[in-house]
Amino acid sequence: MSVMVTSVTALSISAIATNGRVISGPEIGGPIGVVFSFANALACALNTVGFAEVVRDLLQEFGVVMVDSINDVRIVGVITVTVLLLISLAGMEWESKTQILFFIVLLVSFANYLVGTFLPQNQEKQALGIFGYRGDILLSNLKPDWRGPEGNFFQMFAIFFPSAIGILSGANISGDLKDPATAIPKGTLMAIFWTTVSHLIIPVTLGACVLRDASGNLSDILTGNITDGCVGLGCSLGWNFTECIQSQSCEYGLANNSKVLGQVSGFYYLITAGVFAASLSSALGFLVSAPKVFQCLCRDNIYPYIGFFAKGYGKNEEPLRAYLLCYIIAVAFILIAELNTIAALISNFFLCSYSLINFSCFHASITNSPGWRPSFHYYSKWTALFGAVVSVVLMFLFTWWAALITFCIIFFLFGYVNYNKPKVNWGSSVQAGTYNMALSYSVSLSGVEDHVKNFRPQCLVLTGPPNQRPALVDFVGSFTKHISLMICGDIIMEQDRQTRPHDATDWLVKWMNRRKVRSFYTPFTADSLRVGARHLLQASGLGKLKPNTLVLGFKTNWRESSPESIEDYINTIYDTFDANYCLCILRMMDGLDISDQFDSEVNQGFEPDESVENDDQQSPEREPVDDNSDKGDSDQNKTVFQNDQGKKTIDVYWIADDGGLTLLVPYLLARRKRWHRSKIRVFIIGDEQNMEQGRNEMIALLKRFRLDFNNVTVVTDSERHPNAKNLSRFVDSVAPFRLHDEQQEGVSVQELRQSAPWKISDKEFEAFKLKSERKVRLNEIIRRNSQHAALVLVSLPVPHRDCTSALYMAWLDTLTCGLHCPAVLIRGNQQNVLTFYCQ
């Protein structure tokens, strides 16, 4: 069973190690690295305790006792691991030479044992239960005979399993190997083969030569053929061990004496030397492995507070600090001084590591990543999965409580990595698996028909470089994060293409990640805003993951802009509705573009209206920033959408039914932690006679939409003539864009049109006079009711083809001017985005 687990794991690690160049150990994940490093440190302690127990027994044979049997093990163990640490610190060359010496001693000791099994056994050895090769002894020893309260197969397996855990020694020091991709598979598989042979030879030969129970007394020899009342196989061999068998007081034999290997061998103390070599060789190997694996883990900065141990010294980058850490852990477990307890814990940790390694190989294979091309072909994804499952099962069969603790640690480590998302890229199978899942789900979505219940505002946001319009990014992120698609579109003008940094896309994506914005970033080169927006509207997205809403920033500087620029902006709005998209336009009081802050300029934005109460209030939309670096962490300007909104209101002015988007967006905002205490107020237009009826109908409609908006206000004075001062301000704002053709005698309107086609004729201005006055009046109502709101949403006026761009721009400006909070002009595409409760 041990060979099965280790062989399957060896095949998996060989595949992983040969899939590309191995520099500093196989990168098989942070949690594996932590558990595996810890397991290696424990294995060092296990082998050191094994060595210390043999030394203690040897000292006791000569009558030497330092303190007592337990403390003698602790003292010898600590001294031994300290010496091993000094050898490790001397460098890999000294460690390799020491291992070769241990190996030679081990071979001599093994040969000494085999020779001893063939030697004729005298009466002294027979009294110890040693009789040489006999078939009846082998058959009797094949049957189970568990002893003690904890005697069972899996307890025995847990103690034995650490003898097979050295299979990753080559992979652990891959950074010191000349050709790890070739050496690791060959060395690992050959090591498993020869250790398997030796592990089979020793129990079979011992089981064929030694009885389980013997007294060690020469007086127990049978005289003559009298075997009456004699119990056990020894009776047929001329020995009567009945008394000690029945009283369970036998001190010798396979089941009782751990020194039986030396007693069988040709020369007893050569076996002791072999045990020394085996235990010290393993302890030294694990003491070297643990720090090197842990150093690789520390260098990847996956977990906090461990970077201190990443530092290497000398030309081979020896992890001296990690050596000391491993030494401290080993000493702590050496002080337990109980071999069987440590062995069970180590088996648990190594099985966990093997399970994760096998699963890593299986996962890498099943994701079908083109990058998974190991040069070692003798593995299977199904054997890897089998190895992973068997390892987990054995963990729980060995020590279930330790297995539970280990898995809790593993889940915690995995959870931390998933939550923290460290800046390390291994090209892992997890990335390949994520890609496969995303691709599969995207394709499967394409076969599902759209339903109003599943409508989500999937937004294409024309942010330009996102770090220059953080408010626009934060606003859309507030209602799309974890819910729907968000794409930041950056239209790059042809003249700016050459000056754009080549790594601009990468650091803009990093900027969004640092800001925790879940959005894609799509740069697009075009001659104008309209051309770029039109192409993005058509080509953005994938299948059903396609935008249905365009989000723009308000053109704050429209009065100073060229006529072509205004025309471009308004035509983009036309194109949005032509493409059957919804539209949102966000206006901040002090403007959206903060790129001017990098040059310490001032963005004028819009001044508050003088006729509004409390005009001396300051805009809370953006907090001052001391330092704005283009690429650093300081390039994170805080906006109003990152603040807790408290108990302010979200005011919705539902002037026209657009399918429900105007109501859906505030609902999604109110679900967020920063907005959940905000109260949503809905304002509708109505007349005084039917005010209560209109209000009740609206409340009933909202209930049918399952929207918990109870605060509905009917505006009854929208038809009133606007304030003369405000109307005058509107007229003044469009004055530079008017033809004033009726005041110019001798010149035809056509001639004036040809010279300035974007200007507003007196006839057009008069034709839209009523609509213009309504926009001014609606702005007065908004300013009157929403002075202390956190956000205002207003139905966007439908653009008219016969309305000039400048006049329409003036309407948008007039509707939202004079507010102390962000304002959103919003319009759906007339398709329902809300369902009744019965739908």
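Each remark here, short or long, concerns the structure printed above.
Residues numbered from 1 in each chain as written. Predicted model: local features only at pLDDT ≥ 70, side-chain atom pairs only at ≥ 80, totals over all residues. Heavy atoms only, no water.

Novice: Give me the packing of aromatic side chains: which residues, what numbers.
Specialist: In total, this model carries 31 aromatic pairs according to the counting rule given. Judged by centre distance (5.4 Å) and plane angle (50°), the rings of Phe 475 and Phe 641 are tilted. With a gap of 166 residues between them, Phe 475 in helix α18 (residues 470-480) and Phe 641 in the loop between β5 (582-587) and β6 (649-654) connect regions that are remote in the sequence. Both residues of the pair, Phe 475 and Phe 641, belong to the buried class. Both rings, one in Phe 768 and one in Trp 811, keep their centres 5.7 Å apart while their planes meet at 70°; by these two values the pair is edge-to-face. Of this pair, Phe 768 sits in the loop between α27 (762-767) and α28 (769-785) while Trp 811 sits in helix α29 (residues 805-816), placing them 43 residues apart in sequence. Classification of Phe 768 as buried rests on a relative accessible area of 9%. With relative accessibility at 1%, the residue Trp 811 sits in the buried group. Sitting above the plane of the Phe 308 ring, Arg 321 keeps its charged end 4.1 Å from the centroid. Its guanidinium or amino end placed over the ring of Trp 811, Lys 775 lies 4.6 Å from that ring's centre, counting from NZ or CZ. (Phe/Tyr/Trp six-rings, centres within 6.5 Å; stacked < 30°, edge-to-face > 60°. Helix = DSSP H or I, 4+ residues; strand = E, 2+ residues; numbered from the N terminus. Buried < 20%, exposed > 50% of the residue type's maximum accessible area, 1.4 Å probe, protein only. Lys NZ or Arg CZ within 6 Å of the ring centre and 35° of its normal.)

Novice: Outline helix α3 (residues 69-89), listing residues and values.
Specialist: The end-to-end C-alpha separation of α3 is 31 Å, in line with the 30 Å expected for 21 residues at 1.5 Å each. Those residues of α3 that are buried lie in contact with α2 (30-61), α12 (268-299) and α13 (320-334). Here α3 starts with a cap whose side-chain oxygen sits 3.1 Å from the backbone nitrogen of Ile 70, and that cap is Asp 68. Immediately downstream of α3, the backbone of Gly 91 shows phi near 120°, a positive value. (Expected span 1.5 Å × (residues − 1). Contact = heavy atoms within 4.5 Å. Polar contact = N/O pair within 3.5 Å; in protein donor to acceptor, adjacent residues only side chain to side chain.)

Novice: So what's going on with the pattern of salt bridges? Which residues, and what values?
Specialist: Inspection of the entire model under this criterion finds 20 salt bridges. With a shortest N-O distance of 3.5 Å, Asp 644 and Arg 677 are connected by a salt bridge. Separated by 33 residues along the polypeptide, Asp 644 in the loop between β5 and β6 and Arg 677 in the loop between α23 (661-670) and β7 (679-685) bring together distant segments of the chain. Note on Arg 677: relative accessible area 43%, which makes it partly exposed. Of the charged contacts, one joins Arg 784 and Asp 717 as a salt bridge, the two residues approaching to 2.9 Å between their closest N and O atoms. Taken together, the residues span a long stretch of sequence, with Arg 784 in helix α28 and Asp 717 in the loop between β8 (711-715) and α25 (724-734) at a distance of 67 residues. A residue is classified by how much of its surface remains accessible, and Arg 784, at 42% relative accessible area, is partly exposed. Here Asp 717 falls in the buried class, since its relative accessible area comes to 13%. The network of salt bridges with shared partners includes Asp 717, Arg 777, Glu 780 and Arg 784. (Salt bridge = Lys/Arg side-chain N within 4 Å of Asp/Glu carboxyl O.)

Novice: Tell me about the state of the cysteines, residues and numbers included.
Specialist: What the rule picks out here adds up to two disulfides. A sulfur-sulfur separation of 1.9 Å characterises the disulfide bridge that pairs Cys 244 with Cys 250. Looking along the S-S bond of the Cys 244-Cys 250 disulfide, the torsion reads about 80°, which is the right-handed sense. For Cys 244, a relative accessible area of 9% corresponds to the buried category. The class for Cys 250 is buried, based on a relative accessible area of 9%. Each disulfide in the protein links cysteines that, numbered along the sequence, combine into the pattern 1-2, 3-4. Free of any disulfide, Cys 584 has its nearest cysteine sulfur in Cys 459, 6.3 Å distant. (Disulfide = S-S within 2.5 Å.)

Novice: With reference to specific residues and values, describe unusual backbone geometry.
Specialist: The general pattern is negative phi for most residues beyond glycine and trans for most peptide bonds. Located in the positive-phi region is His 482, a residue other than glycine, with phi close to 65°. With respect to the helices, strands and loops of the structure, His 482 is situated in the loop between α18 and β2 (486-493). Of note in the backbone geometry, Lys 516 takes a positive phi value of approximately 60° without being a glycine. Mapping Lys 516 onto the fold places it in the loop between α20 (504-514) and β3 (520-526). Residue classification places Lys 516 among the exposed positions, given a relative accessible area of 59%.

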